[in-house]
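Each chain, written out:
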Amino acid sequence: MADYTNFLGLSPLEYGLPEALAADIELIDQLLGRLLLTEGEKQVIDVARALYAQCAADSNSTGHEPIESGQLTDKLLSEFPALNDPAIVSRVLRAFTVLFQLVNTAEQKEIVHANRKRQARQAADANRKSQWRPESIGDAVSRLSAAGVSAEEMQALLDKVEIIPTITAHPTEARRRVVMDKLLAFADALSQRELPIDASRLDRPLDLPSQQTDEELFRQLIALWNTAELRSGRMSVMDEVNNSVYFFQRTIVDVVSWLHHDLKNALAKAYPDHEFQIGTFIRYHSWVGGDRDGNPNVTPQITWATVLYHQNVILNHYLSCIEPLKRELSLSSRLVELSDELQESLQKDASLITLDMEELDRFRQQPYALKLTYIERRLQDTLRRLEHLQHHDLSRDDFEEVASAAYTSADEFVQDLQSIEHALKQKSTQVLAESGLLQRLLVQARTFGFHMASLDVRQHSDEHARVLDEVFEAAGILKPGETYSGLPEKEKIDLLAKELLSSRPLLPRGWAGSPLAMKTLGVFDTIRQAREKLSRESITAYVISMTHQVSDMLEVLVLAKEAGLVRWKTERATESESATRRLESDLDIVPLFETIEDLQHCDQLLGEMFTNDTFRLHLEARNNFQELMLGYSDSSKDGGYLAANWNLQDTQDRLSAACRNAKVDFRFFHGRGGTVGRGGGRASRAILSQPRGSFTGRIRFTEQGEVVSFRYALRPMAHRHLEQIVNSVLLALYDDPARIFGDQVEVSQATPSPAAEGRSHDRFGPAMMEMAAHSRQVYRQMVHEDPEFWEFYAQATPIAHISQLPITSRPAARGGGALNGMDELRAIPWVFAWVQSRYVVPGWYGLGAALEHYAGQKPENLEELRAMYREWPFFRTIVDNAQLELVRTHLPTAAHYAGRVKPESLGKRFHDTIVQEYERASHWVLQVTGQERLLSTSPVVQSTVQLRNPAVFPINRLQVMLMELWDRLPPEEQNRSNAWNEPLLLSITSVAAGMQSTG
């Protein structure tokens, strides 16, 4: 008789996983089996186990020959007749999906607990030189102090630090928010099961006796199982906005104040006799609701609704903090002295706000609580004003009538809190000023203001030229039959400069153009309105995708000028002096360099921008500051893994030199994706691997897709992620890294040295350039130059079905049309599809050919490559990230996808090409690293992949079967209402859960 006490009967200890994690996975397997039995799903268990057993036997196979998908499908349907029912297939896939979602959650919980245990051991080890855990803020400050960095030098370093994570809405998070909520509740219960309640909280306590935690886990599992995995319809932009804001509400706002406390504590221990000024060293931006590149659904109205929502959320957060703070600061005026500043502030409040007698009586002898009551009333009025602003064009009279006590800016709110802080800085109450709820709220108010996260606006450069065609024609500037977009670059620059230097508007009031023109002009009006009526920080940057020439930058300035965001101000110092004109510009105009060709030439473009007299006026208006965005996704899609990484690295070196030569302050904005093939990996490692001299202490980077939920769903995970970044920024910023790291050549993988990076970039750069060029040639030969490649890719991956997933508001193809080739396909679904088919090509293809090419030129080159791996943090990161993707690649599985390709010879040809490059890459990576097996230095990761492979393989086989069944349907039945559509889409989310990766 079959045993239904578990789902698959997993034995994680056999794979060498840590004992605590293995126990959690066994429990999950048992709970899922119990659930399915309770739900009457014995058939689902039977089918899943049979598939798992069959695939486990094949998972370690080395056979790579494609198997014709029709044969595979017929074989599966014959062996497992239940698979003829799409409802059964859906439930089998749901079971696998839930299994992997819970395993992923258990891994996150284990990371949190492992970090805590490691920290406790280090703190208890009296022989350790430092009690700080590695890569923490305390670790960085301790290193700097030990290296002889003075308090004054440390203050100078802190003044330079500016870290800006930027949340994006790229379509790589396949899970719904309600699903994430349930997974986090499961994590809480799982954590409580292992440790006492007080020690085991991840985010919130369950307050349950320990013997009840298994039942709580089961209850959460039932709720998860009965929650639909897929949305009923495609996500709207506001759904994406809501999802992004969720992480601010859940972790980000609180964790930022935690980081400030860490830094303050570390500085106090390292420099006990010095008081530091800690500014806002971390703040957030978002693209969600502002990124309109290729997304027609992001309208001016959506952008306006987004910035309103941002302010609504942060104001409500501040309001929620006031009542607990009142209780903490219930100090009596009979026991503590009241400062003149606070007394004056209370008098001013009383003249502005009328409290009822009950409130006055309650707080008559509690001046701090009374001040907080006034603050509370002002926040409430600010919210009322915001709510009115959602529905009305607010005039000044209306403002006074609706919310007379509303704050006009976050600065006023901060000043009110500071008046309390200053008043508390007396001997008996100073600790209340320096730590606790007041300091937490002050940090949050300074960091998040009334905008929460500055919203970036992004648009493709071509769109601006199309709009200016209409605008210049309406203004009568162009000759008959002439178009702006048809002008040579020099004439474009001259025309744009002329219009920027003019004070007059181009368009008459009430002008109406095409829908495209009105939407684009409406965006700039929305930016102006948001900055005027909400917060100057609500929108501060405009990003231009595919920036190719100087005119791309000037076009945005002309459109911004039309909306009043760029303007001329006339100034006269004295009556006798002549008036002077000065340009004011409200936005950072950010070029985005994406293709390999653009990366190779963008330093020349930057030089042209900096020598353009008109653009220099804008730079002066922005305090001589320029942000530069680098696109990791499109460069990888364009030139392959190695070429993209090298060109991005080399570009930073050249762009920073161009900025220094022009005496322009700058910040790099790294558009990294979640996967290695799109620039993913540990952000802290990437910071320390930047070219020496390219880092100013200011850095911006995107947080995308499933990476956002992994890094920010749990507060300890978010804290660890951000503290590692702050650690890396401080260490990378220091001018003399040899004093911190020593002058040793070989540096540990945990902490790569910026000094080693600087030396190695110069020493090994020529070899790297040669390998990158060869790698790009090999990659483009297959992907871009083979006329049959798209036919292979479209059949050998589920790309056509990924584009139907309701997980994003943005289409998979640029322009929103059909997917007909590489040019239209976006980089994210490009990678997503490769991960699904287990080829994972974007994370390694071309690396093996490059290593072999260089090593084969002369005998000593192999030792040179080994030296590069030992001594150059950048190269080691590239090789190690590729190792991970090579291990995650599973060619026996991929062969099933190749078997779908018609004609059969086409599938076999490309599959063999990929297999040969995979074997070449694996061989040469081992040769360079000196390892016997890939990832042998990361045994836990290796064990995790080995555990997952046999359980992901059945999902891949089902996906291949489902795609085959879909292809057999008549064209008129291939739509979302077909019964096979749901299991097909579920197979994509299931593989994503199993691989812990999408795009």
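For every chain, the first residue of the written sequence is number 1, and numbering continues from 1 along that sequence. pLDDT decides what is reported in this predicted model: residues at 70 or higher carry local features, side-chain atom pairs at 80 or more are listed and counted, and totals for whole chains, interfaces and linings draw on all residues regardless. Values reported for side chains reflect all heavy atoms of the structure, with hydrogen atoms and water molecules removed beforehand.

1. Notes on helix α19 (residues 461–474)
Line of reasoning, step 1. Note on conventions: DSSP H or I runs of at least 4 residues are helices, E runs of at least 2 residues are strands, and numbering of each starts at the N terminus. To estimate the expected span of a helix, count its residues, drop one, and scale the result by 1.5 Å. With 14 residues, α19 ought to run about 20 Å at 1.5 Å a step, and its terminal C-alpha atoms sit 21 Å apart, in line with that.
Line of reasoning, step 2. Trailing α19 by a residue or two, Gly476 shows a phi angle of about 75°, which is positive.

2. Comments concerning the environment of Gly848
Line of reasoning, step 1. Structurally, the position occupied by Gly848 is in helix α35 (residues 847–855).
Line of reasoning, step 2. For each residue, the accessible area found with a 1.4 Å probe, counting protein chains only, is set against the maximum for its type, and the residue is called buried under 20%, exposed over 50%, and partly exposed in between. Taking relative accessible area as the criterion, Gly848 reaches 0% and is therefore assigned buried.
Line of reasoning, step 3. Between the C-alpha atoms of Gly848 and Tyr918, which are 70 residues apart in sequence, the distance is 7.3 Å.
Line of reasoning, step 4. The contact partners of Gly848, leaving out residues within four places of it in the chain, are Glu917, Arg920, Ala921 and Trp924. Every residue pair with non-hydrogen atoms within 4.5 Å of one another is taken to be in contact.

3. What to know about a negative patch on the surface
Line of reasoning, step 1. On the surface, a cluster of negative charge is made up of Glu337, Asp340, Glu341 and Glu344.
Line of reasoning, step 2. Looking at the secondary structure, you find Glu337 in the loop between α11 (300–328) and α12 (340–352).
Line of reasoning, step 3. You can call Glu337 exposed: its relative accessible area is 61%. Surface patches are defined over residues having more than 30% relative accessible area and no salt bridge, joining like charges when they lie within 9 Å and nonpolar side chains (Val, Leu, Ile, Met, Phe, Trp, Tyr) when within 5 Å. Accessible surface is estimated by sampling points in the Shrake-Rupley manner with a 1.4 Å probe; for residues, cover comes only from the protein chains shown. Criterion for a salt bridge: a side-chain nitrogen of Lys or Arg within 4 Å of a carboxyl oxygen of Asp or Glu. Residues scored as charged are limited to Lys and Arg (positive) and Asp and Glu (negative), so that His and the chain ends carry no count. Here the site of a charge means NZ on Lys, CZ on Arg, CG on Asp, or CD on Glu.

4. Thoughts on the packing of α35 against helix α39 (residues 904–929)
Line of reasoning, step 1. In contact at an axis separation of 7 Å, α35 and α39 are set at 55° when each is read in the N-to-C sense. Comparing their axes, α39 and α35 come out oblique. The handedness of the crossing between α35 and α39 comes out as left-handed. Mapping the contact onto sequence places Leu847, Gly848, Ala849, Leu851, Glu852 and Ala855 in α35 and Glu917, Arg920, Ala921, Trp924, Val925 and Val928 in α39.
Line of reasoning, step 2. Split into classes, the residues belonging to the contact of α35 with α39 amount to 8 nonpolar, 1 polar and 3 charged. Lines fitted to the C-alpha atoms define the axes, with helices restricted to the stretch that makes contact. Angles between their N-to-C directions range from 0 to 180 degrees. Put simply, angles under 35 degrees are roughly parallel, angles over 145 are roughly antiparallel, angles from 65 to 115 are roughly perpendicular, and the rest are oblique. Two helices that cross are described as forming a left-handed crossing if the nearer one is turned anticlockwise from the farther one by less than a right angle, and a right-handed crossing if clockwise. Under the convention adopted here, Pro, Cys and the residues Ala, Val, Leu, Ile, Met, Phe, Trp and Tyr are nonpolar, Asp, Glu, Lys and Arg are charged, and Gly plus all remaining residues are polar.

5. Quick notes on the pairing of strand β5 (residues 541–545)
Line of reasoning, step 1. Summarising burial for β5: 5 of the 5 residues are buried, a large majority.
Line of reasoning, step 2. In β5, alternate side chains face the same way, and those of Ala541, Val543 and Ser545 on one face and Tyr542 and Ile544 on the other are all buried.
Line of reasoning, step 3. Bridge count for strand β4 (residues 457–460) against β5 is 4 bridges, and the pairing is parallel. Across the sheet, residue Gln459 finds its bridge partner in β5, namely Ile544. The pairing criterion for strands is at least two bridges between them, as found by DSSP.

6. Quick notes on the pattern of salt bridges
Line of reasoning, step 1. Enumeration according to the criterion identifies 55 salt bridges in this entry.
Line of reasoning, step 2. With its nearest N and O atoms 3.6 Å apart, the salt bridge here joins Asp293 to Arg458. Highlighted residues: Asp293 in the loop between β2 (285–286) and α11 and Arg458 in strand β4, separated in sequence by 165 residues.
Line of reasoning, step 3. Arg920 is the partner of Glu917 in a salt bridge, and the nearest nitrogen-oxygen pair spans 2.4 Å. Here the residue Glu917 and the residue Arg920 both occupy positions in helix α39, the gap between them amounting to 3 residues, near one helical turn.
Line of reasoning, step 4. Judged by relative accessible area, Arg920 falls into the partly exposed class, the value being 25%.

7. Things to note about the side chain of Ser987
Line of reasoning, step 1. Relative to the helices and strands, Ser987 is located in helix α41 (residues 981–995).
Line of reasoning, step 2. Take Ser987: its relative accessible area is 0%, and that puts it in the buried class.
Line of reasoning, step 3. A polar contact of 3.2 Å, which involves the side chain of Ser987, links it to the side chain of Gln959.
Line of reasoning, step 4. Residues contacting Ser987, with those up to four places away along its chain left out, are Leu93, Gln836, Ile955, Gln959 and Leu962. Polar contacts here mean pairs of N or O atoms no more than 3.5 Å apart (in protein, one a potential hydrogen donor and the other a potential acceptor; neighbouring residues in sequence count only if both atoms are side-chain atoms).

8. Brief notes about the packing of α35 against helix α36 (residues 860–871)
Line of reasoning, step 1. Running from N to C, α35 and α36 point in directions that differ by 130°, and their axes come no closer than 7 Å. Taken together, α35 and α36 sit at an angle that is classed as oblique. Of α36, the residues touching α35 (which contributes Leu851, Tyr854 and Ala855) are Asn861, Leu862, Glu864 and Leu865.
Line of reasoning, step 2. Residues that form the contact of α35 with α36 fall into these classes: 5 nonpolar, 1 polar and 1 charged.

9. Structural notes on α39
Line of reasoning, step 1. An ideal rise of 1.5 Å per residue puts 38 Å on 26 residues; α39 measures up with 37 Å between its terminal C-alpha atoms.
Line of reasoning, step 2. Downstream of α39 by a residue or two, Gly930 has a phi angle that is positive, lying close to 80°.

10. Some remarks on the layout of surface pockets
Line of reasoning, step 1. We place a 1 Å grid over just the protein atoms. Points where a 1.4 Å probe fits but has no way out form a cavity, open points with protein on both sides within 12 Å along at least 5 of 7 lines form a pocket, and any residue with an atom within 4 Å of a point lines it. Grid points are joined across faces, edges and corners, and a volume is the space filled by probe spheres set on the points. Taken as a whole, the second largest pocket spans an internal volume of roughly 960 Å³.
Line of reasoning, step 2. Lining the second largest pocket are 32 residues, with His260, Lys264, Ile278, Glu434 and Gln439 positioned closest to its centre.
Line of reasoning, step 3. The set of elements that each furnish at least two residues to the lining of the second largest pocket consists of α10 (237–270), α16 (410–424), α17 (430–434) and α18 (437–448).
Line of reasoning, step 4. Ranked by the residues each element gives to the lining of the second largest pocket, the list is headed by α10, at 9 residues.
Line of reasoning, step 5. Partitioned by chemical class, the residues of the lining of the second largest pocket number 10 nonpolar, 13 polar and 9 charged.

11. Comments concerning the nonpolar core
Line of reasoning, step 1. If you look at the biggest cluster of nonpolar residues, it comprises 166 residues, and the most contacted ones within it are Tyr284, Leu379, Phe413 and Phe448.
Line of reasoning, step 2. The biggest single contributor to this core is α10, with 14 residues.
Line of reasoning, step 3. The residues touching Leu379, leaving out its near neighbours within four places in the chain, are Leu315, Tyr318, Leu319, Ile322, Tyr407, Phe413 and Phe450.
Line of reasoning, step 4. Put simply, buried Ala, Val, Leu, Ile, Met, Phe, Trp, Tyr and Cys residues joined by side-chain atoms within 4.5 Å make one nonpolar core. If you look at the next biggest cluster of nonpolar residues, it comprises 136 residues, including Tyr839, Ala855, Met868 and Leu984.

12. Regarding the confidence of the model for the protein chain
Line of reasoning, step 1. Values of pLDDT, which run from 0 to 100, indicate the predictor's confidence residue by residue. Across the protein chain, the average pLDDT comes to 86, with 88% of residues at 70 or higher.
Line of reasoning, step 2. Looking over the protein chain, one finds the lowest element-wise mean pLDDT in helix α8 (residues 197–200), namely 47, and the highest in strand β3 (residues 454–455), namely 98.
Line of reasoning, step 3. Here residues 204–210 scores under 50 on pLDDT; set against residues more than four positions off or in separate chains, the count is 15 contacts.
Line of reasoning, step 4. In this model residues 741–755 is a low-confidence stretch, pLDDT under 50, and it forms 39 contacts with partners more than four residues away in sequence or in other chains.

13. Describing the packing of aromatic side chains
Line of reasoning, step 1. Geometry of aromatic contacts follows a simple scheme: Phe, Tyr and Trp rings, the Trp one being its six-membered ring, pair when their centres are within 6.5 Å, and the pair is stacked under 30 degrees between planes, edge-to-face over 60, tilted otherwise. Tallying each qualifying case throughout the model produces 33 aromatic pairs.
Line of reasoning, step 2. Relative to Tyr712, the ring of Tyr284 has its centre 6.2 Å away and its plane inclined at 75°; by these criteria the two rings are edge-to-face. Of the two residues, Tyr284 sits in the loop between α10 and β2 while Tyr712 sits in helix α28 (residues 705–712), which places them 428 residues apart along the sequence.
Line of reasoning, step 3. Residue Tyr284 is classed as buried on the basis of its relative accessible area of 0%.
Line of reasoning, step 4. The class for Tyr712 is buried, based on a relative accessible area of 0%.
Line of reasoning, step 5. Taking the centre distance of 5.5 Å and the plane angle of 70° together, the rings of Phe666 and Phe668 count as edge-to-face.
Line of reasoning, step 6. We classify Phe666 as buried; its relative accessible area is 4%.
Line of reasoning, step 7. One aromatic cluster is present, formed by Phe789, Trp790, Phe792, Tyr793, Trp830, Trp834, Tyr839 and Phe910 through successive ring pairs.
Line of reasoning, step 8. One Lys or Arg, Arg581, reaches over the ring of Trp568 and ends 4.0 Å from the middle of that ring. Whether a charge sits over a ring depends on NZ of Lys or CZ of Arg being within 6 Å of the ring centre and within 35 degrees of the ring normal.

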